Amino acid sequence: MWVLAGLGLFSIARFRTDFHLRMLLAPAVGLAVNVVALFTLSRIGFPIKSVAMPLLLSGILLVGYSLLTLRMVWKRHAVLMFGLCVLIAMAPFVWSFLKFGFGWLAFVNGDMSFYSLSSARFLDYGYSELPESGNINDDSDHSLAYWFFPNELGHRSGVDILLAQLVSVSGLTAHQVYMPLIVAFHVCVAAGAGALTLVSSRKWIPALWAMGLVALSPLLSLEVTMQLLAQAAGLALLVGLCVAYVKTMQHGAAIAWPVVTILLFSALAVAYSEVVPFFGLFVLLTEAARWKKWVDAKSRKVYLRTIAVVALGVVLLLNSYLFDVVKFIAGAMGGSFKSAAMTIQGDGLSLFPYFFIPSNGALLWGWISLGANANSLVVVLGLIATLLLVGFCLLGGIRGMPSALMAIVMLAASLPMFFGGNGFGLFKIAMFIQPFMLATCVAFATLYLKRRLLFQVSLAFLGVSFIPALVTNIKRVSVDIGQSRVPFASTAGLGEQLKDLSSAARLMKATTVYSDASLRELFLLQAYYFKGVVFSAAALPSTREFLAEKFAETLSKSERLKITGTAVEDGEFYFDPTLAAESAKFKASGYDNLKTDTLITASKEFSPINRFIQSPGRKFYLQPIRDLQNHLVFRQTSLGTSYVGKRSLAEGGVAIWGIEQDPLFIGQTFSSVGRYHLYEVLGTKQASRVLLSLSASMNQQDDFLLPPVKAVGSFIVSLPLVGRGSARVVSVPISPRIIAHSDYLGLDFGREGSFFQTERAGPMGWFGNNIKLDIRKTVAFARDISYITPEQHAAFKRPLALKSFPSSLEDPGLEYSGIFEDGWMSDVAYAVLAAPIEGSQGVLHFNGQIPDIGGAPFSTTLTLRINDQVMYTGVHTKGDFKISIPIAGMIGDGASVKVQVESSALQRLPNGDGRPVSLLIGELGFIGASKPETTD
């Protein structure tokens with residue numbers, strides 16, 4: 001549609017030359033027309049649902065009329081070239097679309113949530129229109145909160161409105177059309193790069209190469225998969241605007257070029273105004289490069305008149321919105337340098353550290369994927385290629401080309417960001433520069449590689465070098481657990497699940513639906529589907545309440561707007577009553593009616609919380625709160641959050657991170673955890689216990705020690721954790737603490753989290769050694785955090801022995817501590833085993849191996865305890881060992897036996913492993929014995 005609209009506009013303007021250029025620029029021009037028309041109608045006050053289809057039909061009729069009556073001369077090469085560009089640009093994403101269809105949710109980041117909910121508001125309301133109640137803090141329609149952004153912050157809203165149009169005409173949800181739309185933007189960027197090259201070289205073969213390279217650019221594929229919708233649209237418009245401006249300022253250019261420039265600039269201001277300053281610098285540099293023409297009075301007069309016409313056209317189209325553009329640009333530029341999350345802190349922390357270390361060049365050129373390790377050769381080649389790029393841009397034959405000029409602008413803008421520590425800005429510029437950088441490379445090859453074979457082989461090699469990182473970027477957001485903030489977003493069909501649950505909530509006539517999602521992205525994904533139903537966050541502070549509080553002073557002057565609710569932290573939980581610093585402030589829950597309120601929760605694969613008591617699979621469930629039992633809801637506090645913010649980044653206060661693949665228990669997942677956790681308990685049952693399964697086997701910085709965890713409720717108990725490695729332990733019975741009529745349990749992991757330490761050798765050690773690529777302060781990795789009933793604990797089916805690793809440790813009926821997943825133990829470990837029945841072989845077998853490390857003499861004293869009684873002590877040297885202990889009459893009549901092993905000496909495993917170990921467990925337990933029959 002954008003292609004036809006762009007060609008139709010060119011036809012109406014009676015362009016008769018440069019068909020190749022018109023074909024490649026048509027998508028950006030059609031996009032600009034679409035955005036400006038929708039934005040203007042929305043500003044007038046029309047909801048998008050009332051104008052989307054009429055505008056689409058009108059566009060089709062106008063385009064059809066212009067193309068048919070004006071008899072455009074079609075050139076086969078141009079059409080084929082554009083068709084090939086579309087195929088190349090779409091090809092990397094075809095697999096994901098074929099597999100998931102419109103259910104491909106990809107990264108599910110904050111951008112997707114923001115634009116989807118904002119589009120829902122524009123769909124039903126005009127630009128500044130308020131609901132009849134005036135209440136935008138309405139939990140039955142979370143989209144209303146996004147009134148703030150365009151009307152108070154001057155936030156650009158072009159893509160929000162465009163998304164609303166797609167939803168209206170397709171009948172799909174915003175989540176379903178999101179990825180197709182951003183891929184369409186990606187095609188526009190690639191086509192624009194071709195137009196940019198065509199302006200410089202005037203040959204369609206180099207333009208085709210530029211489009212292919214941009215289509216395959218790993219950083220631009222990352223822009224797509226990370227769902228940077230406005231940025232993708234803005235880049236497409238920026239590239240087209242640079243082409244249109246150059247054509248506009250040429251002597252004797254068609255009069256319609258200024259109109260195209262006006263449309264593209266206006267659409268850019270509406271869709272992604274942050275890059276307008278780059279265009280301003282591009283204009284200055286372009287005119288400085290041809291300063292001799294400004295000396296000529298006649299040329300100067302034409303230039304000034306053209307600029308005046310363009311400026312007047314922009315003012316007429318955008319009028320008062322230009323003030324919002326200036327305000328938003330100023331805020332965005334200042335905010336990116338002030339935000340703790342976006343800049344490098346004194347300790348080397350930032351959410352965007354990627355371009356402060358030597359692998360930045362390799363990442364810029366797409367030779368490694370984001371966060372991946374690079375070998376020394378790739379690092380050096382990346383740095384050399386970046387220096388060569390600067391040289392290309394300054395070469396005499398290239399520096400006057402539009403692509404090189406914009407590349408120079410962006411490279412110059414990156415310098416203050418690099419030295420000022422603005423990681424977010426560098427990350428964005430690395431994406432922005434791709435079409436200009438790659439078009440410049442093609443221009444260089446066109447000028448200096450005169451042999452066609454050398455020209456084609458060089459560019460083909462560059463394109464092929466992109467493929468590994470390109471595939472990785474797309475695969476990460478198309479698998480179960482990858483880069484996506486919400487696991488199983490696509491593979492579990494979360495959109496369809498949530499749509500069905502929202503219908504079920506209406507059938508149940510639930511007064512309020514609460515969500516226990518601890519990730520903001522997941523909660524906002526859910527909120528989109530529950531419009532018309534009161535939908536509240538049980539685990540998260542309300543985004544709408546936060547905005548209401550933040551802008552209350554400004555908005556109190558408007559009688560149209562009602563502010564309801566506050567974001568105050570009205571609860572306080574003391575992890576240690578003697579230490580005021582361990583007071584966690586939080587917003588207490590406010591359930592309206594426990595008889596009719598429901599909770600939307602997920603199966604155990606989505607989170608380590610409640611994993612023992614949750615159902616298997618990848619499902620969301622809607623349950624009446626009154627039916628829940630011992631259900632833990634993670635609560636955000638001043639000491640522990642589930643997301644990175646200014647406070648949590650500076651103070652390391654993230655309590656639980658998203659789930660990730662467990663490399664030690666293959667096929668399972670866990671989450672990195674910080675120190676302080678607070679959980680609300682729904683449906684508390686007396687005499688229940690805390691179950692905790694965790695691993696410190698990767699915490700080399702803490703010498704692999706398990707943390708001294710305490711459960712905090714009506715009293716404080718220590719969990720029975722000992723040794724190093726992993727554990728699954730159960731506390732003594734503990735009752736929650738009652739605060740404001742609700743039950744709460746705290747977990748204090750006993751020590752502050754610490755950063756993972758990675759050594760950087762070779763070129764990676766040249767600079768940026770203080771930059772941390774992993775910003776998590778990790779105490780351990782949690783596999784399960786549950787609150788189990790006495791009946792669930794009594795029903796544990798304990799094993800008689802540990803025979804193989806790691807499979808023996810995965811047994812859900814096993815309680816143990818101090819054993820590494822591969823069977824090594826350090827100074828102390830224990831396992832709670834089933835007691836053999838009377839008459840069976842009453843012998844405890846323990847065998848394994850004491851390693852020979854480095855050939856030095858080594859011996860250790862091993863002590864075995866059964867139910868805390870010493871049953872064996874002996875000195876053992878390197879090599880295999882085997883211990884058998886008759887236990888007849890020594891274990892009592894209990895259902896379980898605690899077997900503890902202690903070692904007096906340790907060795908460090910070699911080859912960079914570094915774990916302090918005493919022995920490798922072979923078998924431990926009652927081998928060949930029988931255990932009592934149990935009933936479920």
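Please read all numbers here as calculations on a predicted model, not as lab measurements.

Please clarify how the pairing of strand E14 (residues 726-730) should be interpreted in this entry.
Across the 5 residues of E14, 5 count as buried, placing the element largely inside the fold. Here E14 shows no split at all, with Ser726, Arg728 and Val730 on one side and Ala727 and Val729 on the other all buried. Taken together, the 5 bridges between strand E11 (residues 689-695) and E14 define a ladder with antiparallel strand orientation. The residue of E14 that forms the bridge with Ser693 is Arg728. Judged from the 3 bridges that link them, E14 and strand E19 (residues 815-819) form a sheet pairing that is antiparallel. Directly across from Arg728, in E19, lies its bridge partner Tyr816.

Any chance you could explain a nonpolar patch on the surface here in plain terms?
On the surface, Met1, Met53, Leu57 and Ile60 cluster together into a nonpolar patch covering about 350 Å² of accessible area. Here Leu57 lies in helix H3 (residues 48-69). Overall, the relative accessible area of 47% leaves Leu57 in the partly exposed class.

Sorry, what's going on with the pairing of strand E22 (residues 859-866) here?
In regular strands, side chains alternate between the two faces of the sheet. Alignment of E22 against strand E23 (residues 869-877), held across 8 bridges, turns out to be antiparallel. Of the residues in E23, the one forming a bridge with Ile866 is Gln869. Between E22 and E23, which follow one another and run antiparallel, lie 2 residues, and Asn867 among them has a positive phi close to 50°. In the sheet, E22 pairs with strand E25 (residues 896-903) via 5 bridges, with the strands oriented antiparallel. By the bridge assignment for E25, Leu864 is matched with Val901.

Is there a simple way to explain the sheet that holds strand E5 (residues 598-602) in this structure?
Hydrogen bonds along the backbone pair up the strands of a sheet, which may run parallel or antiparallel. Ordered in space as E2-E1-E5-E6, the 4 strands form an open sheet in which the pairing is mixed. One side of each edge strand has no neighbouring strand; the edge strands of this open sheet are strand E2 (535-537) and strand E6 (620-624). Taken over all neighbouring pairs, the strand axes of this sheet differ in orientation by 30° on average, direction set aside. Alignment of strand E1 (residues 513-515) against E5, held across 3 bridges, turns out to be parallel. Across the sheet, the residue bridging to Tyr514 is Leu599, located in E5. Sheet strands touched by helix H23 (residues 494-508): E1, E5 and E6. Its angle to E6, the strand with the most contacts, is close to 15°.

When you look at the packing of aromatic side chains in this model, what are you seeing that I'm missing?
Here a ring pair, both rings aromatic, is described through the centre-centre distance and the interplanar angle of the planes. Within this structure, the stated rule accounts for 42 aromatic pairs. Centroid distance Phe114 to Tyr146: 5.2 Å. Interplanar angle 80°. Geometry classified as edge-to-face. Residue Phe114 is located in helix H5 (residues 110-124), and its partner Tyr146 is located in the loop between H5 and helix H6 (148-152); the two are separated by 32 residues in the primary sequence. Of the two residues, Phe114 and Tyr146, both sit in the buried class. For the pair Phe392 and Phe444, a centre-to-centre distance of 4.1 Å together with 20° between the ring planes defines the contact as stacked. Remark: Phe444 occurs in helix H21 (residues 434-448) and Phe392 occurs in helix H18 (residues 376-394); sequence separation between them is 52 residues. Relative accessible area serves as the criterion here: at 15%, Phe392 is assigned to the buried category. Members of the aromatic cluster, connected to one another through ring pairs, are Phe39, Phe122, Tyr127 and Tyr321.

How should helix H10 (residues 218-225) be read in this particular structure?
It helps to recall that an α-helix has 3.6 residues per turn; residues three or four apart then point in one direction. Where burial is concerned, most of H10 is hidden: 8 out of the 8 residues are buried. All buried positions along H10 are accounted for by Pro218, Leu219, Leu220, Ser221, Leu222, Glu223, Val224 and Thr225. Directly after H10, the chain includes Gln227, whose backbone phi takes a positive value near 65°.

Quick question: what am I supposed to make of helix H22 (residues 452-475) here?
The end-to-end C-alpha separation of H22 is 35 Å, in line with the 34 Å expected for 24 residues at 1.5 Å each. Maximum bend of H22: about 35°, positioned at Ile467, with proline Pro468 one to four residues after it. For H22, the full list of buried residues reads Phe455, Leu459, Leu462, Gly463, Ser465, Phe466, Ala469, Leu470, Asn473 and Ile474. If you follow the buried residues of H22, they end up packed against helix H4 (76-100), helix H9 (204-216), H10 and H21.

It is not clear to me how unusual backbone geometry should be interpreted in this structure. Could you clarify?
Working note: non-glycine residues mostly have negative phi, and peptide bonds are mostly trans. Of note, the amide linkage connecting Phe805 to Pro806 takes the cis form, showing an omega dihedral of 5°. Structurally, Pro806 is set in the loop between strand E18 (801-802) and E19. A positive phi angle is found at Asn319, which is not glycine, with a value near 40°. With respect to the secondary-structure elements, Asn319 resides in the loop between helix H15 (297-318) and helix H16 (321-338).

What exactly am I supposed to notice about the environment of Ala602 here?
Locating Ala602 in the fold gives a position in strand E5. For the pair Ala602 and Gly154, spaced 448 residues apart in sequence, the C-alpha separation works out to 37 Å. Once residues lying within four places of it in the same chain are set aside, the contact partners of Ala602 are Asp516, Gln614, Lys619 and Phe620.

Procedures and definitions
Residues numbered from 1 in each chain as written. Predicted model: local features only at pLDDT ≥ 70, side-chain atom pairs only at ≥ 80, totals over all residues. Heavy atoms only, no water. Buried < 20%, exposed > 50% of the residue type's maximum accessible area, 1.4 Å probe, protein only. Helix = DSSP H or I, 4+ residues; strand = E, 2+ residues; numbered from the N terminus. Pairing = 2+ DSSP bridges. Patch = residues over 30% accessible without salt bridge, like charges linked within 9 Å, V, L, I, M, F, W, Y side chains within 5 Å. Areas by Shrake-Rupley, 256 points an atom, 1.4 Å probe, with all protein chains shown as cover. Salt bridge = Lys/Arg side-chain N within 4 Å of Asp/Glu carboxyl O. Axes fitted to C-alpha atoms, helices over the stretch in contact; angles between N-to-C directions. Contact = heavy atoms within 4.5 Å. Phe/Tyr/Trp six-rings, centres within 6.5 Å; stacked < 30°, edge-to-face > 60°. Expected span 1.5 Å × (residues − 1). Bend = angle between axes of the 7 residues up to and from the residue.

That's the geometry; what it means functionally is another story.
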